[in-house]
Amino acid sequence: MTRKAFWQGNEAVLEGAVAAGARFYAGYPITPSSEIAELASRRLPALGGVFIQMEDEIASMAALVGASLAGAKAFTATSGPGFSLMQENIGLAIMVEAPCVVINVMRSGPSTGLATKPAQADVMQARWGTHGDHPAVALVPASVSECFSLTVAAFNLAERLRMPVFVLSDEIIGHMRERVEVPPEGSLEIWERPRPSGDPSEYRPYRPGPDGVPPLAEFGGPYVFHATSSMHDERGVSANDAGTAAALIARLGAKVLRNWELLPPPEIVDTASLLGSGHDRPGKGAKPAGGVLLVAFGSSARSARQVLVDHPERFVTLFRPRTLWPFPEAELSALVEDHESVVVAEMNTGQLVLEAERVVAGRRPVRAALRSDGEIITPEEIWEVVCGRRDARAGRTGESWSGTGGSGR
Amino acid sequence: MKDRTAGPTRSRARGYTDYLDEAALPHIWCAGCGNGNVLKALLGAFASRGLDPRMTVVVTGIGCWGKADDYIRTNAIHGTHGRALAVATGVKAYRPELAVVALMGDGDFATIGGNHFIHAARRNIGVTAVVANNLNYGMTGGQYSGTTPAGSLTSTSPYGHAEEGFDLCALAEAAGAAYVARTTAYHYRQMETLIAEALGVDGFSLVEVLTPCPTYYGRLNREGSAPEMWRALKERARGGSFGCLVRRDRPSFAERYAGVQAAARAGTGTEVGPDAR
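Residues numbered from 1 in each chain as written. Chains lettered and ligands numbered in written order. Predicted model: local features only at pLDDT ≥ 70, side-chain atom pairs only at ≥ 80, totals over all residues.

Chemist: Just checking my understanding: could you explain the overall build of chain B for this structure?
Modeler: For chain B, the helix and strand inventory stands at nine helices and nine strands. Computed over the C-alpha atoms, the radius of gyration of chain B is 19 Å, within 12% of the 19 Å expected from 2.2 N^0.38 for a compact globule of 277 residues. With respect to the three principal axes, the spread of C-alpha positions in chain B is 65 × 45 × 30 Å. For chain B, the residues scored as buried account for 55% of the 277 residues in total. Looking at chain B alone, contacts between residues at least 24 apart form 71% of all its contacts between residues at least 6 apart. (Helix = DSSP H or I, 4+ residues; strand = E, 2+ residues; numbered from the N terminus. Rg over C-alpha atoms; globule rule 2.2 N^0.38 Å. Buried ≥ 20, exposed ≤ 12 C-beta atoms within 10 Å, placed from the backbone. Contact = placed C-beta atoms within 7 Å.)

Chemist: In this structure, what is going on with the domain arrangement of chain A? I would like to understand it.
Modeler: Interface size, as often reported, equals the accessible area lost upon joining of the parts. All names here are of chain A. For chain A, the assigned domains read domain 1 (3-191) and domain 2 (267-403). Here domain 1 and domain 2 have C-alpha centroids that lie 27 Å from each other. At the junction of the two partners, domain 1 supplies 23 residues and domain 2 supplies 20 residues. Of all elements in the fold, only helix H5 (123-128), strand E6 (138-139), strand E7 (164-170) and helix H7 (171-175) reach the threshold of two or more residues within the side of domain 1 that touches domain 2. Per-element tally for the side of domain 1 that touches domain 2: the top contributor is H5, with four residues. Grouping the constituent residues of the side of domain 1 that touches domain 2 by class yields 18 nonpolar, two polar and three charged. (Domains from an automatic or database assignment. Nonpolar A, V, L, I, M, F, W, Y, C, P; charged D, E, K, R; others polar.)

Chemist: Is there a simple way to think about the nonpolar core in this case?
Modeler: A general feature of soluble globular proteins is that nonpolar side chains tend to end up buried together. Residues Val-101 and Leu-294 of chain A together with Val-91 and Ile-195 of chain B are the most contacted members of the largest nonpolar core, which totals 208 residues. For this core, the element with the highest residue contribution is helix H6 (residues 144-161) of chain A, accounting for 11 residues. Setting aside its immediate chain neighbours within four residues, Val-91 of chain B contacts Gly-66, Ala-67, Ala-70 and Phe-219 of chain A together with Val-57, Val-59, Leu-98 and Val-100 of chain B. (Core = buried A, V, L, I, M, F, W, Y, C linked by C-beta atoms within 7 Å.)

Chemist: What exactly am I supposed to notice about the sheet that holds strand E2 (residues 24-27) of chain A here?
Modeler: In any sheet, the strands associate via hydrogen bonds between backbone groups, in a parallel or an antiparallel arrangement. Residue and element names in this part refer to chain A. The seven strands lie next to each other as E3-E2-E4-E5-E7-E6-E13, forming an open sheet whose pairing is mixed. Where the open sheet ends on each side, the last strands, each with one partner, are strand E3 (50-53) and strand E13 (323-325). Sheet analysis places strand E4 (residues 74-78) next to strand E5 (residues 100-106), joined by four bridges and oriented parallel. Of the residues in E5, the one forming a bridge with Ala-77 is Ile-103. (Pairing = 2+ DSSP bridges.)

Chemist: Is there a simple way to explain helix H4 (residues 114-123) of chain B in this structure?
Modeler: Three or four residues apart is the spacing at which side chains of an α-helix point the same way, because the helix has 3.6 residues per turn. Those residues of H4 of chain B that sit buried are His-116, Phe-117, His-119, Ala-120, Ala-121 and Arg-123 of chain B. Buried-residue contacts for H4 of chain B involve helix H3 (57-69) of chain A together with helix H2 (84-94), helix H3 (106-112), strand E4 (127-133), helix H5 (168-175) and helix H9 (253-266) of chain B. Within two residues after H4 of chain B, Asn-124 of chain B carries a phi angle of roughly 55°, on the positive side.

Chemist: I tried to follow the interface of chain B and chain A on my own but got confused; where do I start?
Modeler: Chain B puts 37 residues into the contact, and the matching count from chain A is 43 residues. Of all elements in the fold, only strand E2 (75-78), H2, H4 and H9 of chain B reach the threshold of two or more residues within the side of chain B that touches chain A. The dominant element in the side of chain B that touches chain A, judged by the number of residues it contributes, is H2 of chain B, at eight residues. Here strand E9 (residues 226-228) of chain A runs beside E2 of chain B; their pairing, made up of three bridges, is parallel. By the bridge assignment for E2 of chain B, Ala-227 of chain A is matched with Ile-77 of chain B.

Chemist: It is not clear to me how the packing of helix H10 (residues 298-310) of chain A against helix H13 (residues 379-386) of chain A should be interpreted in this structure. Could you clarify?
Modeler: Any two packed helices are characterised by the angle at which their axes cross and by the distance between the axes. All names here are of chain A. At a minimum axis separation of 8 Å, H10 and H13 run at an interaxial angle of 70°. By the angle between their directions, the pair H10 and H13 is classed as roughly perpendicular. For H10 against H13, the interelement crossing comes out right-handed. Two secondary-structure elements touch here, H10 through Ser-303, Ala-304, Gln-306, Val-307 and Asp-310 and H13 through Pro-379, Ile-382, Trp-383 and Val-386. (Axes fitted to C-alpha atoms, helices over the stretch in contact; angles between N-to-C directions. Parallel < 35°, antiparallel > 145°, perpendicular 65-115°, else oblique. Left-handed = near helix turned anticlockwise from the far one by under 90°.)

Chemist: Would you mind showing me how to read the sheet that holds strand E14 (residues 341-346) of chain A here?
Modeler: Residues and elements named next belong to chain A. Pairing is mixed in the open sheet, where five strands are placed in the order E10-E12-E11-E14-E15. Each edge of the sheet is formed by a strand with only one pairing partner; in this case those strands are strand E10 (267-270) and strand E15 (366-370). Each neighbouring strand pair of the sheet contributes to a mean axis angle of 20°, computed without reference to strand direction. Bridge count between E14 and E15: five bridges; the pairing is parallel. From the neighbouring strand, Val-343 faces E15, where its bridge partner is Arg-367. Sheet strands touched by H10: E10, strand E11 (292-296), strand E12 (316-320) and E14. Its angle to E12, the strand with the most contacts, is close to 160°.

Chemist: Whenever I open this one, the confidence of the model for chain B confuses me. Can you help?
Modeler: Atomic detail in the predicted coordinates should be set aside for any region of low pLDDT. Residue and element names in this part refer to chain B. The predicted model of chain B averages 93 in pLDDT, with 92% of residues at 70 or higher. Every residue in residues 1-8 scores below 50 in pLDDT, and together they form 14 contacts with partners more than four places removed in sequence or on other chains. Scored as a complex, the prediction yields pTM 0.94 and ipTM 0.94. (pLDDT = per-residue confidence, 0-100.)

Chemist: Even after reading the chapter, I still don't get the pairing of strand E1 (residues 56-60) of chain B, so can you show me in this structure?
Modeler: Successive residues of a regular strand alternate their side chains across the two faces of the sheet. Residue and element names in this part refer to chain B. Burial within E1 is extensive, with five of its five residues counted as buried. A two-sided burial pattern is seen for E1, the buried positions comprising Thr-56, Val-58 and Thr-60 on one face and Val-57 and Val-59 on the other. As paired strands, E1 and strand E3 (residues 99-105) are joined by five bridges and run parallel to one another. Residue pairing across strands places Thr-56 opposite Ala-99, the latter belonging to E3. Judged from the four bridges that link them, E1 and E2 form a sheet pairing that is parallel. Residue pairing across strands places Val-57 opposite Asn-75, the latter belonging to E2.

Here is the structure:
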């Protein structure tokens with residue numbers, strides 16, 4: 001039976017991890033994520049799992065790779081400074097295709113920044129933080145309930161795709177409390193990593209299955225295997241030739257894209273769907289004048305949603321990615337021409353807006369509501385940009401958003 | 001001290017070739033390098049312990065000795081530079097019944113990975129570190145490392161090295177390792193015996209193997225030809241601290257964490273943390 005809980009976002013992440021089958025946590029304390037470590041240290045050993053506080057985040061991420069290949073559903077939680085240290089072995093996890101989940105409860109940066117205040121400034125770090133060409137999957141909860149459900153989804157994707165998957169939460173989402181409808185035990189859909197079958201001497205740990213993902217054995221079972229951070233062939237043996245390198249890089253990227261339908265889809269709401277039929281926009285399929293496509297994720301999406309509630313007279317569609325990477329470009333692109341402009345709201349100096357501009361591709365003007373002072377963007381600030389009275393990037397003068405005026409570009 | 005590898009994994013007499021991937025030979029190491037000897041001694045120790053390749057995980061870092069897993073037929077992770085012990089800690093913490101061995105050079109173990117080294121020893125995680133110490137970075141062209149002696153000439157200390165090197169065994173002892181030994185690549189029998197002993201230790205064990213790098217360190221410091229370096233190694237072992245240096249019973253991480261799991265199951269933990277109730 002569904003149970004009601006009143007959880008903190010970080011607590012919901014831990015509950016989601018446990019429900020998904022996580023049994024190994026390695027991490028290092030950091031605000032505003034530490035509740036996840038503390039709860040993991042309490043919960044996992046009772047489940048026969050392991051919590052270990054490592055000497056730093058470099059070691060934490062390395063330990064995840066080791067435990068993952070030894071069969072564990074493994075995870076860690078951190079914030080910006082720790083996420084930076086993890087990048088090295090995030091690359092290792094990508095290369096050896098070790099399933100694991102990294103929770104980044106984002107805070108203001110760069111460096112120590114505002115250690116207790118929120119930001120959404122790790123958008124591009126999540127995509128390109130570790131060196132070299134590589135795929136990235138990042139999920140972005142906007143509520144405590146989604147801290148639970150998207151953490152479960154992150155484990156499922158990590159296992160199914162054999163790669164690290166990020167959950168980008170932030171200080172607001174991580175520390176707020178909301179009611180969560182917890183699904184009954186056993187009702188969740190839980191995915192496991194693809195396992196090998198057949199003769200152990202024939203096992204090739206990097207020979208892809210039909211979905212592009214190679215079956216993964218675990219240390220201590222009947223299959224003996226090598227994993228390497230170097231370019232490697234299907235046996236996991238390092239190989240320096242161009243053909244092997246090209247094939248591996250291509251497959252690592254393709255295994256995500258060809259499984260696109262597994263990724264949590266964006267939420268798309270407009271005034272009518274949010275407030276009910278009384279606010280139907282005139283003529284279904286028509287394109288009301290002045291329509292704005294508003295793009296926001298995580299805690300900024302909560303303020304963005306309030307814009308729709310506060311201004312039912314204006315046609316605004318909220319496009320809220322649940323999967324930030326790979327960016328849901330087809331879904332966004334399909335909506336662009338039904339609107340007269342696009343507005344991106346995010347707590348940074350303009351990261352996701354670059355991706356939106358790429359997708360919009362000049363078809364409509366793109367404006368931005370940005371904030372990077374450790375405070376949440378308010379609905380009023382977003383409304384000003386929706387109305388075209390402000391644009392954080394107009395003129396790109398480098399002034400703070402409140403100091404820039406003008407509409408569009 | 002408990003012997004964790006005795007028992008079911010000791011099924012039949014094995015030889016080092018049971019663990020050697022002969023198809024991967026010849027190896028990449030330079031003529032006169034000691035790594036080949038260390039590899040044979042390591043695999044000989046595996047054989048004398050009767051390790052089951054399925055229950056054995058070799059974790060390597062980056063460097064000349066970090067390539068050793070290419071020639072070993074057990075499970076293996078060739079990881080990132082300096083992080084072999086952290087990866088190995090993840091394997092061992094989750095699956096304590098596996099034999100976990102970390103192979104690192106002095107760059108990996110004592111320099112970029114120094115923090116992981118002292119914490120693995122403090123934590124007493126049941127990993128055997130076999131460290132080939134050749135006093136410099138061979139793979140990248142002979143730069144100085146955390147064990148390079150003061151005054152040495154390397155490709156990044158052309159006027160003589162301005163820093164002292166670590167005594168790895170003393171550091172391991174101070175950090176809490178359960179077993180610490182030193183030998184040289186020349187002393188094959190001792191090397192194999194010490195590694196086999198280390199593999200039987202429940203907690204963290206270190207076998208430091210001094211090995212020559214005639215290509216860089218020896219050449220730059222005018223230590224003569226490879227045979228001359230090997231003779232010097234033989235003599236050196238007469239003077240210093242060699243053999244098993246530390247052997248002490250300390251509860252391993254696995255033993256202590258089993259206690260944590262039991263306490264957690266019994267619900268005897270102290271309620272601390274954000275939502276204690």
